[in-house]
Amino acid sequence: MSPMASKAEFTEEQGAKGTTLRVSGRLTLSNLGDLPQRLDALDDPVAQIDISSVERTDTVGAWIIHQFSGRTGAQIVGASDEAKRLIALVSQADSDVRVRPEPVNPVVRVVTEVGDATVIAMRTLLGLVAFFGAILIASWDLIRNPRRLRINAIVHRFELVGVKALGIIGLMSFLIGIVIAQQGAVQLQQFGAETLTVNLVGRITTRELGVLMTAIMVAGRSGSAFAAQIGTMKLTEEIDAMRTIGVSPIEALVIPRMMAAVIMMPLLGFYATLVSIFGGGLFCWVSLEIPPITFVQRLQEVIPITDLWVGLIKAPVFGAIIALSGCFQGMQVEGNAEEVGLRTTSAVVQAIFLVIVLDAFFAVFFSQIGWI
Amino acid sequence: MDLNAPIAVKIRGICNHFGDQVIHDGVDLDVRNGEILGVVGGSGTGKSVLMRTIIGLQRPSAGEIEIFGEPMTDEENEAQLDLRRRWGVMFQGGALFSTLTVAENVQVPLREFYPNLGQKLLDEIAAYKVVMAGLPANAAAKYPSELSGGMRKRAGLARALALDPRLLFLDEPTAGLDPIAAAGFDELTKDLSKSLGLTVFLITHDLDTLHAICDRVAVLADHKVVAVGTIPELLATDHPWIQAYFNGPRGRAAQSAVDRHMAKGA
């Protein structure tokens, strides 16, 4: 095909019957140029549109001719057989089609969206509680028949949730330890109290950050994986297949994940705390010239044992929350693959949100009972 | 069918493999201008891979493809781009862009290749293409998630037809449709190919489709095209897979349905 095929053109001719529009060239999508706009701009009455010198036409060309003749009442003359066929085809397809969704009043839309969001939030909360109930019932069943416990599945989850997370959580905690020590030291130096950096690093990681950051990492790593795995199984009807065979999906899929998260979280949290302290200690040694021996001695003096309990009591609860929202969102998947992505995102957001809210409650609670 | 019609797609010696697994080993095939060519083969014989190779989504390890006499290459030049707008592809699930309405889906290729088209004309084109693909008028403003499987396929067809292609690739258009919708889609394919002068490369498992609309059928087996021809011609060969396919219980049922239809028409 020559790149510069003849462009579609038209000329106006005055005849006995009125104006005749003579169209020539190739009336195809790639050779239209600005012909449609110019045709639209024509206001004079046109009696005939002569397309006998059109070399080739496609449905778009046929549509333009059909539409023009419909608008101006011009008669189409000189159409080749092919053009006639195409014009007949597009005129059959000419019907009143709404191309865009109907616009909605913005006020109505905002109100509707707020309403919808509220209903969804309430339903999710209700669903989460119901799901938690289902897990409790399944757990009770398992306690009565401990032989039904899927040891292999649980151990496998331990590996995925716990062992495989060691590297990334270690690296993250190590860096966080250094950052806390460095930032703390800068501020405390202004009071000449840089030795208090040890207190800062020791207490904040044991009480709060070790477990909290681990929870966020586990939510991103494992919570999302739970939602995606269960969601995909829901899509491929694996979960329905399980139910018909008589296997409870809660027992087979949710409980092992729940146990893995609940048991691994305190271990990972403790590990994260240790690595953060190691990172902080390294910074103190290198930058503040506090030798490791002194650092460890100071740690022993300043960290009350209750700080460790605060961290370790929170950890399994966070684990449960992460597994709960991951599995719950996974079970909510319905319809298409896009849903899996959306639900995975919600699982992570929900888990982190709930973890932080609960962390705030815990902070108040432990202060009230005097563990400060 | 004109035996001497020019060749729309010429495939010579195509080889494809994934790792150690050989999919194609020297596939030769001609698609004639204006015909509806059905491509059949057992699962995993590489029907879709062949289509993907022709349209350039999969690079073959050997072999040549010519489309309308022009060789396909990997180059991103004007000629290749020009070739690309002369075909339309309908993927198995429709592969509609889920964030766009049906009408906007149809407009995507138009906007991409012809950025100067006015919005009014774009809307009109989308509207008549949607109707031409057999969708109800109110479907144009809907999102793919609001459509049934059959409607999604029709929307996919509307998008494939957006640029007025000469060549249309359909990947299992009737899979997952109920028999009535499948027959409707067959009818639509045939009508459009006739009225638009389309060449159709149609991958299918559907024996009824083969009998109803295909001018010729190509059979993929043993990593190559083992036979091409009309169904009676294929029946005359003694390739075991072809015999099992067309003379199996389902093949006979489809054949007798056609015979009954013919008898009624006569």
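The present account deals with the structure reproduced in this document. (Residues numbered from 1 in each chain as written. Chains lettered and ligands numbered in written order. Predicted model: local features only at pLDDT ≥ 70, side-chain atom pairs only at ≥ 80, totals over all residues. Heavy atoms only, no water.)

Section: the nonpolar core
In step 1: Counting 85 residues, the largest nonpolar core has Leu32 and Ile51 of chain A together with Leu117, Leu157, Leu210 and Phe246 of chain B as its most contacted members.
In step 2: Ranked by the residues each element gives to this core, the list is headed by helix 4 (residues 119-132) of chain B, at 9 residues.
In step 3: If we ignore the near neighbours within four places in the chain, the residues touching phenylalanine 246 of chain B are Leu207, Leu210, Val217, Ile231, Leu234, Leu235, Gly251 and Arg252 of chain B.
In step 4: Of all hydrophobic cores here, the second largest spans 45 residues; its members include Phe131, Ala215, Ala219 and Ile250 of chain A. (Core = buried A, V, L, I, M, F, W, Y, C linked by side-chain atoms within 4.5 Å. Buried < 20%, exposed > 50% of the residue type's maximum accessible area, 1.4 Å probe, protein only. Helix = DSSP H or I, 4+ residues; strand = E, 2+ residues; numbered from the N terminus. Contact = heavy atoms within 4.5 Å.)

Details of the sheet that holds strand 4 (residues 75-77) of chain A
Residues and elements named next belong to chain A.
In step 1: With mixed pairing, 4 strands are arranged side by side in an open sheet as 1-2-3-4. In the strand order of this sheet, the two ends are held by strand 1 (9-15) and strand 4, each with one partner. Taken pair by pair, the neighbouring strands of this sheet meet at an average axis angle of 25°, ignoring direction.
In step 2: With 3 bridges connecting them, strand 3 (residues 48-57) and strand 4 associate as parallel partners. (Pairing = 2+ DSSP bridges. Axes fitted to C-alpha atoms, helices over the stretch in contact; angles between N-to-C directions.)

So, the packing of helix 8 (residues 238-245) of chain A against helix 9 (residues 249-287) of chain A
All names here are of chain A.
In step 1: The geometry of helix 8 relative to helix 9 is characterised by a closest axis approach of 9 Å and an angle of 130° between their N-to-C directions. Here helix 9 runs oblique to helix 8, going by the angle between their axes. Contact with helix 8, carried on its side by Ile239, Met242 and Arg243, involves Pro249, Ala252 and Leu253 of helix 9 and no other residues of that element.
In step 2: Classifying every residue of the contact of helix 8 with helix 9 gives 5 nonpolar, no polar and 1 charged. (Parallel < 35°, antiparallel > 145°, perpendicular 65-115°, else oblique. Nonpolar A, V, L, I, M, F, W, Y, C, P; charged D, E, K, R; others polar.)

With respect to the pairing of strand 9 (residues 216-221) of chain B
Residues and elements named next belong to chain B.
In step 1: Counting buried residues in strand 9 gives 6 out of 6 residues, a clear majority hidden from the surface.
In step 2: Neither face of strand 9 is open: one carries Arg216, Ala218 and Leu220, the other Val217, Val219 and Ala221, and all of them are buried.
In step 3: Judged from the 5 bridges that link them, strand 3 (residues 36-41) and strand 9 form a sheet pairing that is parallel. Across the sheet, leucine 37 pairs through a bridge with arginine 216, a residue of strand 9.

What to know about the pattern of salt bridges
In step 1: Per the stated rule, a full pass over the model turns up 23 salt bridges over all chains.
In step 2: Lysine 234 of chain A is the salt-bridge partner of glutamate 334 of chain A, the closest N and O atoms lying 3.9 Å from each other. Of the two residues, glutamate 334 of chain A sits in the loop between helix 11 (305-332) and helix 12 (337-368) while lysine 234 of chain A sits in helix 7 (residues 197-235), which places them 100 residues apart along the sequence.
In step 3: One salt bridge in this structure joins glutamate 124 of chain B and lysine 120 of chain B, with 3.2 Å as the shortest N-O distance. One end of the pair is glutamate 124 of chain B and the other is lysine 120 of chain B, both in helix 4 and 4 residues apart, which spans about a single turn.
In step 4: Classification of lysine 120 of chain B by relative accessible area gives partly exposed; the value is 44%.
In step 5: Via salt bridges that share partners, Glu9, Asp34 and Arg38 of chain A belong to a single interconnected network. (Salt bridge = Lys/Arg side-chain N within 4 Å of Asp/Glu carboxyl O.)

A short note on the interface of chain B and chain A
In step 1: Of the residues lining the interface, 33 residues belong to chain B; the matching set on chain A comes to 26 residues.
In step 2: With both sides pooled, the region where chain B packs onto chain A buries about 2400 Å², and carbon together with sulfur makes up 62% of that total.
In step 3: Contact with chain A buries area across many residues of chain B, yet Tyr128, Ala141 and Ser195 of chain B alone supply 21% of it, more than any other trio.
In step 4: Between the two partners, chain B and chain A, sit 2 salt bridges.
In step 5: Residue arginine 100 of chain A pairs with aspartate 123 of chain B through a salt bridge whose shortest N-O separation is 2.2 Å.
In step 6: At the surface where chain B touches chain A, the tally comes to 9 residue pairs in polar contact (both at pLDDT 80 or more).
In step 7: Those elements giving two or more residues to the side of chain B that touches chain A turn out to be helix 3 (102-113), helix 4 and helix 6 (179-196) of chain B.
In step 8: Tallying contributions element by element places helix 4 of chain B first for the side of chain B that touches chain A, with 11 residues.
In step 9: Looking at the side of chain B that touches chain A residue by residue, the class counts come to 17 nonpolar, 8 polar and 8 charged. (Buried area = accessible area lost by both parts, 1.4 Å probe. Polar contact = N/O pair within 3.5 Å; in protein donor to acceptor, adjacent residues only side chain to side chain.)

Focus on the environment of alanine 137 of chain B
In step 1: Tracing the backbone through its elements, the reader meets alanine 137 of chain B in the loop between helix 4 and helix 5 (149-160).
In step 2: We classify alanine 137 of chain B as partly exposed; its relative accessible area is 24%.
In step 3: Taking the C-alpha atoms as reference points, alanine 137 of chain B and isoleucine 242 of chain B, separated by 105 residues in sequence, lie 42 Å from one another.
In step 4: Once you skip the residues sitting within four places of it in the chain, alanine 137 of chain B turns out to touch Ser95, Asp96, Val97 and Arg98 of chain A.

Let's talk about the sheet that holds strand 2 (residues 21-32) of chain B
Residue and element names in this part refer to chain B.
In step 1: The strand order 2-1-4-5 describes an open sheet built from 4 strands, whose pairing is antiparallel. With partners counted over all chains shown, the strands left at the sheet margins are strand 2 and strand 5 (70-71), one partner each.
In step 2: Summarising the sheet, strand 1 (residues 7-18) and strand 4 (residues 62-67) pair through 5 bridges and their orientation is antiparallel. Among the inter-strand pairings, arginine 12 is bridged to a residue of strand 4, identified as glutamate 64.
In step 3: Packing against the sheet, helix 1 (residues 47-54) makes contact with strand 1, strand 2 and strand 4, and its axis sits at approximately 120° to strand 1.

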